[in-house]
Amino acid sequence: MSKRIVFFLLVPTLLGACAALDSMQVVAQQLTTSSVVSDKAPAAAMPDKASPADGPAVATLQADQGEDATQDELEPDIVVKPESASQREAAAAPPPLPPCPSEGGGLQTRVAVQICQQIRTEPLPTRLSVQNRELRKLDYLIPFYAKRNYQMAWLDANGRPLALVADLLKALGEAENEGLRSSDYGRNALHKLETSHHQGGGDARQLAEFDLLLTDTYLSYASHLLSGRVAPRKIDPDWAIKPRSRDLAQVLSSALAGGGIAESLRDLSPKEKGYTQLRDVLQRYRKAEQAGGWPVVSGALGPGAQGLAVRNLRLRLQASGDLAEGDPGKAPIYDKAVSDAVRHFQKRHGLGETGSVNGSTLAALNVSATQRIRQVELNMERWRWMPDQLGSRYILVNIPNFKMNVVENGKPVMEAKVVVGREERQTPTFTANMAYLVMSPKWYVPRSIAVKDKLPQLKRNPYALARQNIRVYNNAGQQINPASVNWKAVGKDNFNYQFRQDAGPRNALGGIKFMFPNPYNVYLHDTPTRGLFSQSQRTFSSGCIRLSNPVELAEYLLKHDPKWNRQTIKAAAASGKQRVVNLPQEVPVYLLYWTVWVDENGLANFRGDIYNRDKPMVRALYQDSGAASPKGA
C-alpha cells in the first residue's frame, strides 16, 4: 500500500547545476519500508534536527537502520527564502523628538534652537544640506541631538571649537590608512571653519551648521569604518552577509564624554587578521608607488637571458619584495635567484610556477602599483561588509582563488581545490550553516539545465540520457520511456518533465554532497570530472562548488563519530544507496569573493576579477577620482 503526496520544488534564483529555477509540482510516492525506490521521483522529508551538544557529539543517520537496504533516505525539506527588500528595510518607528528649546537665552540656547529647527520637522527630514553639503547620516544624527536636547557637541559656551575638533580632523587624516579618503569627509573645509571659529564672531546659525557638519562627518566616517563606504547590495544585489552594526549615535556620545574621538573611530574598523594584514600591504604598496612604482617588463624571459629586460625584471621583483635587493653593479643575468623570485611571484598570483616569464606572468608583472593599491582597497571594503567574527571554526571558499579552507581558531587545518560557477552562472556570495551530508546522492536535474543542456541531447537521441543513468519522469512523477515522447516538439514553454540521475560513478554530484541550506540551492559536492582540478582557472560549474577532496572533508566533519572513518565514508559514497547524515553541530560556511588577501605565510596574494565584481566597486568608490580599474593577475 502506498499513498500519493504532493510537494513543491522551491525555486530560488539563477544558478544552473544545483538550483532549480522554476516551481515544479511533483507527485511522489510515499513508500512503505518494503518498497523499492526505482520508478518514482521521491519527495523530500523533514528529519528531526540534531540537538546541540556540549562535548563532541555523534552524527545521526536520518532513517532507521532496520529499513530495507534498498530504500533511499530522503533529504530534509528545508525551505530557505531570500530576504525581501521590505524585510531589509523594516525599522522600528523612531520615538517622538523633544520640543525645541524656548527662544532667547544665551548663545548655547540660540544654537540649540537653530539645530532643532534644522532637524525637527514634520515629517522628519530625509535629506538635509548644510553649507552646500548634504548630510549623510541623518538616521544617527537626529537621535544624537534629540538625546542631548539639541545642545552643541563640538563647541564651547562661547562658540569656539573644543579640542575634540582637532582630534576628529587628525583622525580623518588617517583615513588613507584604512583604504578610505580623507577628502570624502571635507577635512580641508572643516579645518578652515575650525580656524575661522577659533577667532569667534559666528552667529548662532553658523555655529549650528558647523556643529552639524562635524557630527555628520564623524558619523559618516564611523559608518564607513564599521560597515563600508558603499552598501554591499548596491554592488551585489544578492549579497546575503550581514555586516557589523553599532548604535553610532551612542558611540559618538560616549566618545565626546570620554574625550576619545580618535580611539572610538579606530575601534570601529575590523579587527579580523585578514583586514589588518591588508592594511599593512596597503602601506607597503603605497611606499612602492611613492618611490616611482616599478619598471615595465618587456617580452618573454627565461633562465640564461641577459640585458636591459632582465635588469627591469630584477627591479620589478625587488620592488614587490619577491627578490632580495642585490648588487646594483651586478650584471643583469636571469640566474637561479631570479627564477626562484619569478616562481614566488607566480605563486602569489595564482599562476603556473614555471620560473619563466610567460604571457600571463608578464601581464601580472605589468599591473602598476597604483592599480594594485586600488585592488587592496577594494578588498578592505569587502572586509568591512563582514560580521565581527567568522567563528572559531568555519569553512571558507574564496571564489577567485578556487580554494576551500577549513579554519579552526584562526588557522587553516584543511585545504582543497574547488571548481566554481561559470561567468554566466556565477557562484553567489553568502553565508549559511552546513547541516548535513548526503552520501551516494542522486541528482535531480534543475529545470534550467534540463531545458538548456539535456533537452537538445534528447532531440538528437531519445536514449542519450539513459547512457548517463538519467531517468525521465512525467509531471505525475511516473518514470517513462524517453522514446515515447516526441522531444522535437518539446520546448521550454511546454517542458513538463523531471530528470533524475542515479547514484553512481557517473553521477554529476559524485559520492558526497555537503548541504548548507540557502536560497540559492548552492552546495559543495564531489565530482567525477577530476581532471578540471589541474586547471589554474576553474570556472566550469553551474554555480555549485565541486570539491577535490570530499572524503577528507567528510572525515573531518564526522571525526567525533566512531561509526565513521575514511573506509566507511568511502563505502557509503560508493554504495549507490542515498544516505543522509546530520552533522552533530552545524558549521558556518562562507562563500566569499576576495581578489587580494594575505596567506598564513604572510604573503600578499592577488587574483583575477573572474566575475568582474571589482569594476562596479571601482565606479562606486572612485567615481570622482578618475582612478584606474584594478586588473587581475
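Provided above is the structure to which this section pertains.
What counts and what doesn't
- Throughout this description, residue numbers start from 1 for each chain and increase along the sequence as written.
- The predicted nature of this model means local features are confined to residues of pLDDT at least 70 and side-chain atom pairs, given and counted, to a pLDDT of 80 or more, with totals for whole chains, interfaces and linings taken over all residues.
- Where side-chain values are given, they derive from all heavy atoms of the structure, hydrogens and water being excluded.
- Only DSSP runs of H or I with at least four residues qualify as helices, and only runs of E with at least two residues qualify as strands; both kinds are numbered from the N terminus onward.
- Partly exposed describes any residue whose relative accessible area lies between the buried limit of under 20% and the exposed limit of over 50%, with all areas from a 1.4 Å probe on protein chains only and scaled to the type maximum.
- Residue contacts are defined here by distance: any two heavy atoms, one from each residue, within 4.5 Å place the two residues in contact.
- One speaks of a salt bridge when a side-chain nitrogen belonging to Lys or Arg is within 4 Å of a carboxyl oxygen belonging to Asp or Glu.
- Working definition: a disulfide is two cysteine sulfur atoms within 2.5 Å of each other.
- Side-chain rings of Phe, Tyr and Trp (the six-membered ring for Trp) are treated as a pair once their centres are within 6.5 Å; stacked means planes under 30 degrees apart, edge-to-face means over 60, and tilted covers the remaining angles.
- Cation placement over rings: the criterion is NZ of Lys or CZ of Arg within 6 Å of the ring centroid and within 35° of the ring normal.
- Whenever a helix is involved, its axis is fitted only over the stretch in contact; in every case the axis is a line through C-alpha atoms, and angles between N-to-C directions fall within 0 to 180 degrees.
- Orientation categories follow fixed angle ranges, with anything under 35 degrees roughly parallel, anything over 145 roughly antiparallel, 65 to 115 roughly perpendicular, and all other angles oblique.
- For any pair of crossing helices, the crossing counts as left-handed if the nearer helix is rotated counterclockwise from the farther one by less than a right angle, and right-handed if it is rotated clockwise.
- Polar here means any residue other than Ala, Val, Leu, Ile, Met, Phe, Trp, Tyr, Cys and Pro, which are nonpolar, and Asp, Glu, Lys and Arg, which are charged; Gly is therefore polar.
- Multiplying 1.5 Å by the residue count of a helix minus one yields the expected span of that helix.
- Polar contact criterion, stated in full: a pair of N or O atoms within 3.5 Å, where within protein one must be able to donate a hydrogen and the other to accept it, and residues adjacent in sequence count only if both atoms are side-chain atoms.
- DSSP calls a pair of strands paired once it identifies at least 2 bridges connecting them.

Caption draft 1: Representation of the environment of Ile395. Examined against the element boundaries, Ile395 turns out to sit in strand β6 (residues 393-398). Taking the relative accessible area as the measure of exposure, Ile395 reaches 1% and is therefore buried. For the pair formed by Ile395 and Pro412, sequence separation is 17 residues and the distance between their alpha carbons is 9.4 Å. If we ignore the near neighbours within four places in the chain, the residues touching Ile395 are Met404, Asn405, Val406, Met434, Leu524, Leu553, Leu557, Val587, Pro588, Val589 and Tyr590.

Caption draft 2: Looking closely at the pattern of salt bridges. Scanning the entire structure with this criterion turns up 27 salt bridges. Two residues, Glu178 and Arg279, come together in a salt bridge whose shortest N-O distance is 3.0 Å. Residue Glu178 is found in the loop between α4 (163-172) and α5 (187-198), and its partner Arg279 is found in helix α10 (residues 273-290); the two are separated by 101 residues along the sequence. Its relative accessible area of 10% is what places Glu178 among the buried residues. Within this structure, Arg181, Asp184 and Arg229 form a network of salt bridges that share partners.

Caption draft 3: Expanded view of the state of the cysteines. As enumerated under the stated definition, the model contains 1 disulfide in all. Covalently, Cys100 is tied to Cys116 through a disulfide, its sulfur atoms 1.8 Å apart. A torsion of -80° about the S-S bond marks the disulfide between Cys100 and Cys116 as left-handed. With a gap of 16 residues between them, Cys100 in the loop between α1 (85-89) and α2 (107-119) and Cys116 in helix α2 connect regions that are remote in the sequence.

Caption draft 4: Structural detail: the packing of aromatic side chains. Going through the model one piece at a time under the given rule, you end up with 15 aromatic pairs. These aromatic residues form a ring-pair network of at least three members: Trp487, Phe495, Tyr497 and Phe499. For Arg372, the ring lying beneath its charged end belongs to Phe606, and the centroid distance is 4.6 Å. Over the face of the ring belonging to Tyr523 we find Lys513, whose NZ or CZ atom lies 5.0 Å from the ring centre.

Caption draft 5: Main features of the packing of helix α3 (residues 138-147) against helix α8 (residues 248-258). The interhelical angle for the contact between α3 and α8, taken along N-to-C directions, is 50°, at an axis separation of 8 Å. Considering their axes alone, α3 and α8 lie oblique with respect to each other. Handedness of the α3/α8 crossing: right-handed. Each of Tyr140, Phe144 and Lys147 in α3 lies in contact with α8, whose residues at this interface are Leu248, Ala249, Gln250, Leu252, Ser253 and Leu256. Broken down by class, the residue content of the contact of α3 with α8 amounts to 6 nonpolar, 2 polar and 1 charged.

Caption draft 6: Seen up close, helix α6 (residues 204-227). Taking 1.5 Å per residue as the helical rise, α6 with its 24 residues ought to reach 34 Å, and the 34 Å between its terminal C-alpha atoms agrees with that figure. With 22 of 24 residues buried, α6 lies mostly within the body of the structure. If you check the start of α6, you find a side-chain oxygen 3.2 Å away from the backbone N of Arg205, and it comes from Asp203. Gly228, located one to two residues past α6, shows a positive phi value of around 105°.

Caption draft 7: Examining the sheet that holds strand β12 (residues 498-501) more closely. Taken together, 3 strands build an open sheet; the order of strands is β10-β12-β11 and the sheet is antiparallel. Lying at the two open borders of the sheet, with one neighbouring strand each, are β10 (443-445) and β11 (470-473). In this sheet, adjacent strand axes meet at a mean angle of 25° when their direction is disregarded. Sheet topology note: the β11/β12 ladder contains 4 bridges and is antiparallel.

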